[in-house]
Amino acid sequence: MQTMPAHAAHHDDREIETLEEFDATVSARGTLAGYRVQAVDLTDRTRELLGTDTTGAVFLGCAMREEAAAKIRADGALVFPPVPDLPFDPYRGLVYSPDELFTSLADGYEATPDARAYAWFQRTKADGDIYASMLRAVHDDSVSDALDELLSGARVVGVMGGHAMARGTEEYAGAARLGRELARAGFTVATGGGPGAMEAANLGAYAAPFGDEMLTESLELLAKAPHFTPSITQWASAAFEIRARWPQGGRSVGIPTWFYGHEPPNAFASHLAKYFANATREDGLLARSTAGVVFLPGAAGTVQEIFDNATPNYYESRGEPTPMVLVDRTHWTERLPAWPLLRSLARERSMEARIALVERIEEAPEALKRLGGQ
């Protein structure tokens with residue numbers, strides 16, 4: 001089964017994002033001149049920093065001793081020190097993991113880095129402070145950079161759908177089977193990273209390497225905490241219990257946002273690229289779904305995503321149009337008739353051959369392959 005390529009296989013060779021990469025570079029190259037070192041704790045690397053050329057290097061949020069920082073600055077390197085008392089690292093080199101965002105969940109969701117970052121966002125977003133908005137922008141840019149490295153070479157399929165879909169429903173089970181089917185077909189599943197249909201698709205990708213009964217049992221267990229209200233703690237804990245029972249599941253990506261902070265990220269995406277700016281997140285999710293997008297029944301957010309995706313396909317501003325598969329005929333032709341409009345837009349353009357409406361979730365992977373010419 002194809003998964004995402006190993007991290008950092010394709011990133012800029014001058015970027016250093018872990019202590020292991022730092023040590024390997026110093027010992028192999030003997031120089032850090034021109035390198036970018038991102039969010040690496042260098043407190044115990046004073047000797048190496050004092051003895052290595054760092055001309056033109058940039059150190060982003062790296063903790064280090066004062067004598068090392070003074071020597072580096074004298075070399076002509078730029079040092080952006082870590083920002084104290086922030087619940088997130090704006091210079092981070094990697095996307096998040098569920099374990100990282102949900103650290104301290106046992107003490108209640110409010111204690112987690114995810115909840116604390118949202119509380120900081122709530123406090124700072126309305127005060128017009130240039131410093132806070134700059135930190136958010138630097139963070140989001142770092143996350144985008146890490147996400148591009150992570151997905152380099154992957155065949156990414158976006159799965160869009162509402163957050164309202166409850167665990168324990170047939171719709172949720174269908175979305176999970178879709179995620180599993182796509183992962184088994186060699187695609188990397190990407191979702192908005194939240195609850196509902198998004199969680200279901202990430203759960204399906206997580207379940208892909210196991211026997212079919214694992215998903216059946218997981219769906220039963222999750223049904224006991226059907227929704228993230230009233231208790232995010234219980235909702236998230238149920239997911240972590242499944243991950244503990246079946247460790248090392250399949251990989252997938254969730255791209256959530258603190259803009260909708262009342263909505264927690266889901267714990268089944270192995271990688272979470274979480275953003276402060278929802279517009280950056282929305283565009284990033286669709287732009288990275290290079291092998292197509294499946295739209296499950298949803299409301300305003302999903303309708304917006306259909307046309308956010310249709311526009312670059314219409315103008316071919318990102319190159320060849322990518323496949324779009326809408327699921328549930330009644331929903332998309334009667335309840336929210338997005339399909340007739342999409343079909344009219346596509347008429348006599350090259351995207352016409354890349355759109356499909358299917359009745360059942362089970363038909364979506366086949367339709368994707370057909371539209372993608374595979």
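Residues numbered from 1 in each chain as written. Predicted model: local features only at pLDDT ≥ 70, side-chain atom pairs only at ≥ 80, totals over all residues. Heavy atoms only, no water.

Under an unreviewed UniProt entry, the name given to the protein is LOG family protein, and the organism recorded is Streptomyces venetus.

Asks: Help me understand unusual backbone geometry in this model?
Replies: Most peptide bonds take the trans form, and the phi angle of most residues other than glycine is negative. Here the amide bond leading from T229 into P230 is cis, since omega sits at 5°, within 30 degrees of zero. The phi torsion at Q248 lies on the positive side, around 60°, for a residue other than glycine. Within the secondary structure, Q248 sits in the loop between α10 (232-245) and β7 (253-254). Under the relative-accessibility criterion, Q248 is labelled exposed at 71%. Even without glycine at this site, D328 takes up a positive phi of about 95°. With respect to the secondary-structure elements, D328 resides in the loop between β10 (324-327) and α13 (329-335). (Helix = DSSP H or I, 4+ residues; strand = E, 2+ residues; numbered from the N terminus. Buried < 20%, exposed > 50% of the residue type's maximum accessible area, 1.4 Å probe, protein only.)

Asks: How should the sheet that holds strand β5 (residues 156-160) be read in this particular structure?
Replies: If you walk across this open sheet you meet the seven strands as β8-β7-β6-β5-β9-β10-β11, and the pairing is parallel. On the outer flanks of this sheet lie β8 (271-272) and β11 (355-358), each paired with one strand and no other. Bridge count for strand β6 (residues 188-191) against β7 is two bridges, and the pairing is parallel. Bridge assignment links T191 to a residue of β7, and that residue is G254. Packed on one face of the sheet, helix α8 (residues 197-207) meets β5, β6 and β7 and runs near 160° to β6. Running over the sheet, helix α14 (residues 338-346) touches β10 and β11 and is turned about 155° from β11. (Pairing = 2+ DSSP bridges. Contact = heavy atoms within 4.5 Å. Axes fitted to C-alpha atoms, helices over the stretch in contact; angles between N-to-C directions.)

Asks: What am I meant to see in helix α15 (residues 364-371) here?
Replies: Since the α-helix turns once every 3.6 residues, residues separated by three or four places project in the same direction. Those residues of α15 that sit buried are A364, P365, A367, L368 and L371. Each buried residue of α15 lies within a common arc of 160° when the element is viewed along its axis, so the set occupies one face. (Arc of directions from axis to C-beta.)

Asks: Explain the packing of aromatic side chains to me, please; I cannot follow it from the model alone.
Replies: Describing an aromatic ring pair means giving the distance of the ring centres and the angle of the ring planes. Scanning the model with the defined rule gives 14 aromatic pairs in all. Here a set of aromatic residues connected by ring pairs shows up, and it is made of F88, Y96, W120, F121, W258 and F276. If you follow R92 out to its NZ or CZ, it ends over the ring of Y96, 3.7 Å from the centre. Above the plane of the ring of F121 lies K125, whose end atom (NZ or CZ) is 5.3 Å from the centre. (Phe/Tyr/Trp six-rings, centres within 6.5 Å; stacked < 30°, edge-to-face > 60°. Lys NZ or Arg CZ within 6 Å of the ring centre and 35° of its normal.)

Asks: Would you explain a nonpolar patch on the surface in this entry?
Replies: Taken together, the side chains of I130, Y131 and M134 define a hydrophobic patch exposed on the protein surface, amounting to about 330 Å² of accessible area. In this fold, M134 is placed in helix α6 (residues 130-151). Relative accessible area serves as the criterion here: at 42%, M134 is assigned to the partly exposed category. (Patch = residues over 30% accessible without salt bridge, like charges linked within 9 Å, V, L, I, M, F, W, Y side chains within 5 Å. Areas by Shrake-Rupley, 256 points an atom, 1.4 Å probe, with all protein chains shown as cover. Salt bridge = Lys/Arg side-chain N within 4 Å of Asp/Glu carboxyl O.)

Asks: It is not clear to me how the pattern of salt bridges should be interpreted in this structure. Could you clarify?
Replies: When the charged atoms of two side chains with opposite charge come close together, those side chains can pair. The final tally for this structure, using the stated rule, is 21 salt bridges. Put simply, D283 and R318 hold a salt bridge, and the shortest N to O gap is 2.8 Å. Residue D283 is found in helix α11 (residues 278-288), and its partner R318 is found in the loop between α12 (300-315) and β10; the two are separated by 35 residues along the sequence. D283 sits in the partly exposed class, given a relative accessible area of 45%. Classification of R318 by relative accessible area gives partly exposed; the value is 39%. Salt bridges linked by common partners bring E170, R177, R360, E362 and E363 together as one network.

Asks: Just to check I follow, could you spell out the environment of Y35 for this structure?
Replies: By the element assignment, Y35 lies in the loop between α1 (19-29) and β2 (36-38). For Y35, a relative accessible area of 5% puts it in the buried group. Taking the C-alpha atoms as reference, Y35 lies 46 Å from Y172; in sequence the two are 137 residues apart. Sequence-distant contacts of Y35, defined by excluding residues within four places in its chain, comprise D13, R14, I16, T25, R29, A57 and V58.

Asks: Is there a simple way to explain the pairing of β10 in this structure?
Replies: Strand residues, when the strand is regular, have side chains that alternate between the two faces of the sheet. Residues M324 and L326 of β10 are buried on one face, and the alternating residues V325 and V327, pointing to the opposite face, are buried as well. In this fold, the crossover linking strand β9 (residues 293-295) to β10 by way of α12 has right-handed handedness. Summarising the sheet, β10 and β11 pair through four bridges and their orientation is parallel. Its bridge partner lying in β11, V325 is registered against A356. (Right-handed = clockwise from strand over helix to strand, strands pointing away.)

Asks: Would you mind showing me how to read the pairing of β6 here?
Replies: Of the two faces of β6, both are covered, the one formed by T188 and A190 as well as the one formed by V189 and T191. Between the parallel elements β5 and β6, the chain passes through helix α7 (residues 170-184) in a crossover that is right-handed.

Asks: Quick question: what am I supposed to make of the environment of S289 here?
Replies: Among the secondary structure elements, S289 is positioned in the loop between α11 and β9. Under the relative-accessibility criterion, S289 is labelled buried at 1%. A sequence separation of 100 residues divides S289 from V189, and the C-alpha atoms of the two residues are 8.7 Å apart. Those residues within four positions of S289 in sequence are excluded, and the remaining contacts are V156, V157, G158 and T322. Within the structure, the side chain of S289 is placed 3.4 Å from the backbone nitrogen of G158, a separation counted as a polar contact. (Polar contact = N/O pair within 3.5 Å; in protein donor to acceptor, adjacent residues only side chain to side chain.)

Asks: Would you explain the packing of α12 against α14 in this entry?
Replies: Between two packed helices, both the angle of their axes relative to each other and the distance between the axes serve to describe the pair. As a packed pair, α12 and α14 sit with axes 11 Å apart at the nearest point and diverge in direction by 10°. As the angle between them shows, α12 and α14 are arranged roughly parallel. For the pair α12 and α14, contact is made by I306, F307, A310 and Y314 and by A338, L341, L342 and L345, respectively. (Parallel < 35°, antiparallel > 145°, perpendicular 65-115°, else oblique.)

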